[in-house]
Amino acid sequence: MSMHWGRVFALVLRYTYLYRRSVPRLIEMVFWPVMDLLVWGFVTAYLLQLRPGAPGLVTFLMGAMIFWDIMYRAQQGLSLSFLEDLWSRNILNLFASPIRLREFLAATFLVGLFKVLVIGTVLAAMAMGMYHFNLFDVGPALVPFFINLVVMGWAVGMVTVAIILRFGIGAEALAWAIPFFLQPLAAVFYPVAVLPGWLQPIALSIPATHVFEGMRHVLQGGDFPTVMLVHASLLNLVYLAGGAAFFVFMFRSARNRGHLAKLGMQ
Amino acid sequence: MSDEVIEASGLRKVFGKTVAVDELSFRLGRGEILGLLGPNGAGKTTAISMLLGLITPTAGRIRILGREMPKDRVAILERCNFSSAYVNLPSNLRVRENLTVFAKLYGVKRHRERIAELLDLFEVAPLAARVTGALSSGESTRVNLCKALLNEPELLLLDEPTASLDPDMADKVRRILRGVQRDKGISMLYTSHNMRDVEEVCDRVLFMNKGRLIAEGTPSEIKAKFGEQTLEQVFIKVARGGDLVAEGGAA
Ligand SMILES: Nc1ncnc2c1ncn2[C@@H]1O[C@H](COP(=O)(O)OP(=O)(O)OP(=O)(O)O)[C@@H](O)[C@H]1O
Ligand SMILES: [Mg+2]
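Now for a look at the structure at hand. Fair warning: this is a prediction, and the values are worked out from it, not measured in the lab.

## Re the overall build of chain A
Here is step 1: Per the secondary structure count, chain A includes eleven helices and zero strands.
Here is step 2: What you see in chain A, going N to C, is helices and strands ordered as α-α-α-α-α-α-α-α-α-α-α.
Here is step 3: Referenced to the eigenvectors of the C-alpha coordinate spread, the extents of chain A come out at roughly 60 × 40 × 35 Å.
Here is step 4: Each of the 266 residues in chain A was classed as buried or not, and the buried ones make up 55%.

Structure follows, in structure tokens:
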């Protein structure tokens with residue numbers, strides 16, 4: 001699988017210019033997660049007042065919020081990059097250039113990773129400064145958790161883009177909706193055990209679920225969450241392969257049905 | 001290596017019940033400018049999209065610069081470029097930023113010099129620092145053409161590139177395109193609804209209607225075939241006459 005990194009970085013440069021040019025985009029990128037963190041931070045502070053002595057149980061709300069945002073931003077890195085090119089009717093300029101699909105994906109993956117690192121740092125610093133929640137309390141599992149969330153975000157991002165490719169700009173709301181459709185199932189803010197029995201197998205088929213379970217396990221003083229990480233990683237392999245296959249399939253179909261050409265000129 | 005830049009044979013594209021392109025075969029020689037004419041919905045954009053690998057043909061074969069499309073897509077597209085009145089550069093980037101991104105996408109060496117040269121050529125150098133979305137449509141058309149020439153393409157595919165130019169600018173752009181064709185031997189496939197454009201720029205013309213090639217030749221040959229004084233009259237005759245075929249020439 002040859003990859004022409006010059007073209008990948010040309011695209012990364014395109015998104016870098018975009019964010020440098022656009023104050024609203026920069027603000028948007030940090031505004032929502034910061035607002036979210038403030039809300040969850042104060043909820044946590046309140047719960048701690050109600051139940052002093054149970055910090056491990058409640059601080060994970062903030063960890064959950066930060067982790068969720070990591071997955072979400074990785075997905076957005078991909079789907080918003082694609083939408084930006086659709087909105088500006090630039091997509092045909094890109095696909096009439098010698099770019100390969102995997103180079104396009106690599107560039108949007110990098111953009112997602114960059115967003116995740118920026119926002120993750122901001123949120124972790126805020127949680128620490130304002131609410132004394134230290135993300136590093138998660139310990140050595142933090143890095144594999146992070147990787148699993150980013151990878152799942154990429155997989156979900158590929159599916160999102162594939163669907164937008166099929167249904168056009170009318171389906172753009174899916175870029176925001178799909179992650180939030182998964183949120184209740186991924187057991188972000190509560191354990192899988194509280195879900196109705198029939199929903200639990202579905203929840204357990206989502207990689208992020210195992211990350212959130214693992215995070216709660218660690219923050220309650222548990223040992224290294226090996227089993228959960230193995231589950232998350234294996235599921236992610238399936239998700240990544242499935243997402244990429246779906247993306248390639250839909251792209252091929254868009255070339256067949258003429259959607260790619262039409263979408264680019266609307 | 002053959003001297004044909006494009007060899008299309010038996011190209012066909014069916015969308016559901018619509019036959020957008022039907023048995024289209026043609027050649028484009030090195031350094032030639034070929035016009036692709038036809039009424040709305042004739043299949044011009046579909047044909048160009050197939051050449052660019054944006055649409056997969058239902059049937060037929062495309063060879064560009066001696067290679068197969070879509071099999072050798074990347075190798076072909078490195079040596080081609082494209083511009084359309086309906087495709088824009090990202091509106092929130094500055095003109096120079098957009099051109100830099102595309103120069104890097106096409107692996108252009110010494111891209112700063114190349115960009116400066118093209119901005120001068122199309123008289124848009126003063127716009128380099130402007131945000132692309134703030135340009136008038138005529139200005140952005142010219143910036144799009146700068147993008148299309150960045151990689152010194154051997155083949156340029158232009159879908160209505162002059163659609164929004166005023167007569168003065170359209171004339172200048174025609175001269176520039178003629179100039180680069182003469183100096184660099186660039187081949188072009190050119191769709192336009194502006195018959196003036198076509199008569200002045202194109203060496204040869206393909207006339208399409210309802211997906212089919214109905215006439216082919218130099219502008220004067222086409223006019224003679226249909227017994228009309230101007231290409232515009234030919235065009236109207238074709239558009240109103242439905243499947244009407246040139247006198248003596250079978251479709
Ligand atoms: N993606 C698509 N799905 C269905 N039909 C399509 C699609 N793209 C094009 N068509 C149809 O194919 C035919 C040819 O369209 P095309 O855009 O190639 O025409 P054109 O010659 O470029 O017309 P114009 O002068 O209006 O630009 C039209 O009937 C159009 O409706
Ligand atoms: Mg068209």
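So that's the structure; there's more coming.
## Here we look at the site of ligand 1
Here is step 1: Surveying the vicinity of ligand 1 reveals 16 residues, the closest of which are B:Gly41, B:Lys44, B:Thr45, B:Thr46 and B:His193.
Here is step 2: Neighbouring residues of ligand 1 are distributed over chains A and B.
Here is step 3: One nitrogen or oxygen atom from the main chain of A:Arg257 is found 3.1 Å from a nitrogen atom belonging to ligand 1.
Here is step 4: Counting residues per element, the ones that place at least two in the shell around ligand 1 are strand 2 (18-29) and helix 1 (44-51) of chain B.

## Overview of the sheet that holds strand 9 (residues 204-209) of chain B
Within a beta sheet, neighbouring strands are joined by backbone hydrogen bonds and run either parallel or antiparallel to one another.
Residues and elements named next belong to chain B.
Here is step 1: Pairing is mixed in the open sheet, where six strands are placed in the order 6-7-8-3-9-10. Whereas interior strands pair on both sides, the edge strands pair on one side only; in this sheet they are strand 6 (80-84) and strand 10 (212-217). Direction aside, neighbouring strands of the sheet carry axes that sit 15 degrees apart on average.
Here is step 2: Direction of pairing for strand 3 (residues 33-37) relative to strand 9: parallel, over a ladder of four bridges. Residue pairing across strands places Gly35 opposite Val205, the latter belonging to strand 9.
Here is step 3: Along the sheet, helix 1 makes contact with strand 3, strand 7 (155-159), strand 8 (187-191) and strand 9, crossing strand 7 at roughly 150 degrees.
Here is step 4: Sheet contacts for helix 6 (residues 167-184): strand 3, strand 7 and strand 8; angle to strand 8, the most-contacted strand, approximately 155 degrees.

## Examining the nonpolar core
Here is step 1: Counting residues in hydrophobic clusters, the biggest one holds 176 residues, and the most contacted among them are A:Phe67, A:Phe95 and B:Ile6.
Here is step 2: At 17 residues, the largest contribution of residues to this core is made by helix 3 (residues 55-87) of chain A.
Here is step 3: Beyond its immediate stretch of four places on either side in the chain, A:Phe95 contacts A:Leu101, A:Phe104, A:Phe251, A:Leu260, B:Leu52, B:Leu54, B:Arg73 and B:Leu77.

## Notes on the side chain of B:Arg114
All names here are of chain B.
Here is step 1: Looking at the element boundaries, Arg114 is found in helix 4 (residues 111-121).
Here is step 2: Residue classification places Arg114 among the buried residues on the basis of a relative accessible area of 10%.
Here is step 3: Those residues within four positions of Arg114 in sequence are excluded, and the remaining contacts are Val108, Leu149, Leu150 and Glu152.

## Thoughts on the packing of aromatic side chains
Aromatic ring pairs: the centre-centre distance and the angle between the two ring planes describe each pair.
Here is step 1: For the structure shown, the criterion picks out 14 aromatic pairs over all chains.
Here is step 2: Judged by centre distance (6.2 Å) and plane angle (80 degrees), the ring pair of A:Phe82 and A:Phe104 falls under edge-to-face. On the criterion of sequence distance, the pair formed by A:Phe82 in helix 3 and A:Phe104 in helix 5 (residues 101-131) is long-range, its members being 22 residues apart. A:Phe104 carries the same exposure label as A:Phe82, and that label is buried.
Here is step 3: Over the face of the ring belonging to A:Phe167 we find A:Arg166, whose NZ or CZ atom lies 4.9 Å from the ring centre.
Here is step 4: Looking at B:Lys147, its charged tip hangs above the ring of B:Phe102, at a distance of 5.6 Å from the centre.

## Thoughts on the pattern of salt bridges
Here is step 1: Under the criterion given, the structure shown has 35 salt bridges over all chains.
Here is step 2: Between A:Arg7 and B:Glu78 there is a salt bridge, with its nearest N and O atoms 3.3 Å apart. One end of the pair, A:Arg7, is in helix 1 (residues 5-21); the other, B:Glu78, is in the loop between helix 2 (73-77) and strand 6, on a second chain.
Here is step 3: Close ionic contact of A:Asp69 with A:Arg73 constitutes a salt bridge, the shortest N to O distance being 3.3 Å.

## Regarding a nonpolar patch on the surface
Residues and elements named next belong to chain A.
Here is step 1: Judged by side-chain polarity, Val23, Leu26, Ile27, Phe31, Trp32 and Met35 come together as a nonpolar surface patch covering roughly 560 Å² of accessible area.
Here is step 2: Structurally, the position occupied by Met35 is in helix 2 (residues 23-50).
Here is step 3: Note on Met35: relative accessible area 35%, which makes it partly exposed.

## Side note on the pairing of strand 3 of chain B
All names here are of chain B.
Here is step 1: For strand 3, the buried fraction is high: five of the five residues fall into the buried class.
Here is step 2: The alternating pattern of strand 3 places Ile33, Gly35 and Leu37 on one face and Leu34 and Leu36 on the opposite face, and all of these are buried.
Here is step 3: The sheet contact formed by strand 3 and strand 8 spans four bridges and is parallel. Counted as the bridge partner of Leu36 is Thr191 from strand 8.

The rules behind each value
- Residues numbered from 1 in each chain as written.
- Chains lettered and ligands numbered in written order.
- Predicted model: local features only at pLDDT ≥ 70, side-chain atom pairs only at ≥ 80, totals over all residues.
- Heavy atoms only, no water.
- Helix = DSSP H or I, 4+ residues; strand = E, 2+ residues; numbered from the N terminus.
- Buried < 20%, exposed > 50% of the residue type's maximum accessible area, 1.4 Å probe, protein only.
- Near = heavy atom within 4 Å.
- Polar contact = N/O pair within 3.5 Å; in protein donor to acceptor, adjacent residues only side chain to side chain.
- Pairing = 2+ DSSP bridges.
- Axes fitted to C-alpha atoms, helices over the stretch in contact; angles between N-to-C directions.
- Contact = heavy atoms within 4.5 Å.
- Core = buried A, V, L, I, M, F, W, Y, C linked by side-chain atoms within 4.5 Å.
- Phe/Tyr/Trp six-rings, centres within 6.5 Å; stacked < 30°, edge-to-face > 60°.
- Lys NZ or Arg CZ within 6 Å of the ring centre and 35° of its normal.
- Salt bridge = Lys/Arg side-chain N within 4 Å of Asp/Glu carboxyl O.
- Patch = residues over 30% accessible without salt bridge, like charges linked within 9 Å, V, L, I, M, F, W, Y side chains within 5 Å.
- Areas by Shrake-Rupley, 256 points an atom, 1.4 Å probe, with all protein chains shown as cover.

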